[in-house]
Amino acid sequence: MVSWPHWIIVAIIMPMAGAVLTPIVSRKNDKAAPVWALFIMSLTSLAALFLIVRVAQEGPFSYLVGGWARPYGIELHFDEFSASIGIICLIGWLALLFSYHYVAESIPKPRIPYYYTLVLLNLTGMIGFVMTGDLFNLYVFMEILSLSAYALVAVSGERVAEMAAFKYLVMGAVSSLIILFSIGLLYAVTGSLNMADISTRLAGIESRLPVMLALAGMAMALMVKAAIFPLHIWLPDAHAIAPSPVSAILSGLVVKTGVFGLLRVYQIFYGAGTYELAGLNTTLIWLGAISIIMGAFFAIFQEDIKMMLAYSTISNVGYIVMGLGLASQYGIIGATVHIFNHALIKATLFLGAGALMYKTGYRTLTDLRGVGKAMPLTSMAMSIGAISIVGIPPTAGFLCKWYIALGAFQAGQPAFGFALVFGALFIFIYYIRMVNSFYFQPPTHPEILEVGEAPVSMLFPVLLLAALCLVMGILGRIPLSFIEPAVTRMLGG
Amino acid sequence: MDSQLTASIIPPLAFLIPILGAVVVVPLTRTSERWRAIGLSITCLLTVVVAAGLIPGVLDGQVYETYLLRLTPRIWMYMRVDAMGALFGITASTLWLLALIYSTGYMADEHRKSRYYAFFSLSLAWTMGVAYSGNLLTFLVFYELFSILTYPLVVHEETPEAMAAGTKYIIYILIGGSLVLLAIVFTFFLAGDQTLSTQGLLDMSMGKGNLLAIFWCFLVGFGVKAALVPLHGWVPDAHPAAPAPFSTVLSGVMVAAGSFGIMRVVFNVFGVSLLSELGVMQYVQYIAAFTVIFAAILAVNQDNLKRRLAYSTISQMGYVALGVSLLGEQAMIGALVHISNHAFMKGTLFLCAGLLIKHAGIHRVSEMRGIAKRMPVTMGAFAVAALAMIGTPPLSGFVSKWYLGLGMLDVDKPVYLAVLLGGALLAAVYLLPIVYAAYFKEPIPAGDITPADKKLEAPLSMLLPAVAAAAITLILGLAASAPGMPLSLARLAAKLAFH
């Protein structure tokens, strides 16, 4: 089973075909769309599972689409980093389950099948994005996931949502354009689109200027996608306005594609060996540190719970980018594992917030006071999320913080370890506000005490994710040791 | 005497049993106060039994160790019970047991009791974890858990004052915790994962600048918890705001956990010889000496009883830090023993303060005139603890101060004797007037609620823990040198650290 070579293409085709077929399947029956989407994602997750098992057993492997040899054909390449397909499938599946009740209330009925189409397309884009070995293909998948994300932000049809989506679209489209331009430059210089091939050919390139221009362009554009300060301005509105399951996908996964893209760029250039990346590294470290602080600073002033979570994403992507920029073994391991852990944590928080909003109808911290008594399980899950995101041991967030801080020492930049640790402190301040509002402050709306827990389709994803936040802290060595060989290979040349 | 490593599954029980209490006993007994009291008392008692059961072996030179699980590819969660940990563990669990029994009376008409008991039980678990941690990462895990997850107890009353105190608490504690984290990361980077043994993890070849940075991060980080002036700001606010049984363990054990952390750093991470070479300890001595006197002076002016006691805690923890910083064997014995002695002295005082609040409505020192006639037992226990705090022989406070004094002469720093005596004198100034007023002053004219001659003594469930704590104070003084007492453990720990 595991060694069947075509799982990798199944993992892409399956959700893509499923997305296209959703409106047809649910033509007669509205209820069919969510069930169909869940079914498709279950099959995709199975394929993902086989792929992850295979990479754990054999190490990285490639798949040549249609049998065309590289560098001419399209190559899908599955390495340890591609195993993030696991988290994409997990969060995607849980968000779809969560959507079942949530979306029925918040989206006009005729649009519901298209909502599921968009979610599946978005997941397809991300799955392809992490597995492709081809730069142009990377761009195509990035566009699939970006376009579906713009539409998902606007899906509720409210005026604010359209504004937020438009802002997201403009920023996203410009960054996509820059990426395309940079890919073109690299193609012009190296004559190849295959990443591994480009990496080898770059070593011998005489004229460095276009290469450096391409590098700068890609880095900047990917930073827009990753919402690094000061390129973050599209993120808070988009993530806060979108339906909560979409927020979970956007904040947990879509933002990370920017970081993941940076990781791939680093792979190409580390592979080439002869390029001086210190400038880019320094930029990333500084912007990462500034993002941590500024994200936390803005979050403190937010009353809207989803707005607060959105700003918290900016801080956390700051961690990841800082870890990448440190370019030390520990730093990069910490960063890649945080891609995974932050997705778990932020999905817990956004889905939890969605459950609160669904049951109470309120979304500001003041209005939500006392909800801890009314919805004890959801509130507990969100508190666990809050503790994890701040990095209190032994939760999922802690090990990443530990690794990135160690990475800072390893890179000879202890000052950034300091920034990281104290940024986390800043973050705690607003999560304490959230916990206070849930548990320790008298309710603003007494009727809030009467609402019960959300339905199982919403409660289960939230609780499962919260449990994973704890488990991945205690069993944190598993992802850490899984990713270690890939990072060693990447840094070693 | 060589210490001998013994693999054992007992140490983790010390934190697993209270966790069981929090996640199994509390939810199961939601509806029955009585069963909850019984169930939690049993878990707490079992914890004491575990802690006590480890002592004979430790005195025999055994070091119990347990590998729990691998947290990262390179670091284990690792428990290790040595003399220092055993001392802290038995102190914490015993005081917790008393405070828990006391809670069943004190919290009877409070709100959100399930939450209170769950977190109360959990905080014992984390404290035991801190006591028995075998390496820095394990220490950090438990230390952070117990810093953060006590927040619900600090703000339990949910009054605006409690919320403000809670915010102050969490900010101070988090800043401290962050510095500790940095120091531990840095230590790990330089020394790798090593057990906390008496050789020390670091050495001079790692660069003096690095070592100094690590040391001050540790000291300031733990200093926040240990309430070293000027890092003590949260202590006087958190104590009056929290429920009395929690103030008891907060003052008695949790503040001391900061001092315990400093001891681990001084004796296990750096080691005595490296620190003498670095020459930083004299500054710690200044800070500690200043803490002793400064906090004691502030205590004199407080009218709120729990606030006065909180300042007294700061001052007493200054003694511990002073004892550690002198880097002498006798002084270390004094410091270690004082952690345990202080826990029960201050425990008694806070338990009595809670009785005064609950049963006489007294929050302020100025309202205590003549109260001894109405609450003879409470005030009896209070008086014993107050005298012990001042250092009256043969009570327990005297023992620790005697060793501290010996230690000062031992390392040729007699000037600190003035601090020792000054602190004791000030303790007399801030505690004795309370006792005097309670026994010898005329009561306040007819109480608005109760007639002046009515007895206000609390029910046994609350009175007994207070009396027991006072009795322990007495025993720790009278039978100080009996085997198995804290003094014997402290002597062993000091012997290992200095030979």
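Residues numbered from 1 in each chain as written. Chains lettered and ligands numbered in written order. Predicted model: local features only at pLDDT ≥ 70, side-chain atom pairs only at ≥ 80, totals over all residues.

Describing the overall build of chain B
- On a plain count of helices and strands, chain B comes out with 20 helices and three strands.
- Its C-alpha radius of gyration of 21 Å places chain B within 12% of the 23 Å reference for a compact globule of 499 residues.
- The principal-axis extents of the C-alpha atoms in chain B amount to approximately 70 × 55 × 45 Å.
- Sorting the 499 residues of chain B into buried and exposed places 62% on the buried side. (Helix = DSSP H or I, 4+ residues; strand = E, 2+ residues; numbered from the N terminus. Rg over C-alpha atoms; globule rule 2.2 N^0.38 Å. Buried ≥ 20, exposed ≤ 12 C-beta atoms within 10 Å, placed from the backbone.)

Describing the interface of chain B and chain A
- Facing the 22 residues of chain B at the interface are 26 residues of chain A.
- Counting only elements with at least two residues in the side of chain B that touches chain A, the list comes to β2 (62-70), α5 (136-148) and α7 (160-191) of chain B.
- Ranked by residues supplied to the side of chain B that touches chain A, first place goes to α7 of chain B with eleven residues.
- Taken together, the residues that form the side of chain B that touches chain A break down as 17 nonpolar, two polar and three charged. (Contact = placed C-beta atoms within 7 Å. Nonpolar A, V, L, I, M, F, W, Y, C, P; charged D, E, K, R; others polar.)

So, α7 of chain B
- Under the 1.5 Å per step criterion, the end-to-end length of α7 of chain B is 46 Å for 32 residues, consistent within 8% with the ideal 46 Å.
- Just past α7 of chain B, the residue G192 of chain B takes up positive phi, approximately 75°. (Expected span 1.5 Å × (residues − 1).)

Describing the nonpolar core
- One finds I91, V153 and L420 of chain A together with V185 and A493 of chain B to be the most contacted residues of the largest nonpolar core, which totals 418 residues.
- Sorting elements by how many residues they give to this core places helix α14 (residues 329-360) of chain B first, with 18 residues.
- For V185 of chain B, the residues in contact, after removing those within four places along its chain, are W402, A405, L406, F409 and G417 of chain A. (Core = buried A, V, L, I, M, F, W, Y, C linked by C-beta atoms within 7 Å.)

Details of the packing of helix α2 (residues 33-59) of chain B against helix α4 (residues 113-131) of chain B
Residue and element names in this part refer to chain B.
- Across the interface, α2 lies against α4 with an axial gap of 12 Å and an inter-helix angle of 5°. Between α2 and α4, the angle is such that the two are roughly parallel. Contacts between α2 and α4 involve R36, L40, T43, C44 and T47 from the former and Y117, S121, L124 and M128 from the latter.
- For the contact of α2 with α4, the residue count by class is five nonpolar, three polar and one charged. (Axes fitted to C-alpha atoms, helices over the stretch in contact; angles between N-to-C directions. Parallel < 35°, antiparallel > 145°, perpendicular 65-115°, else oblique.)

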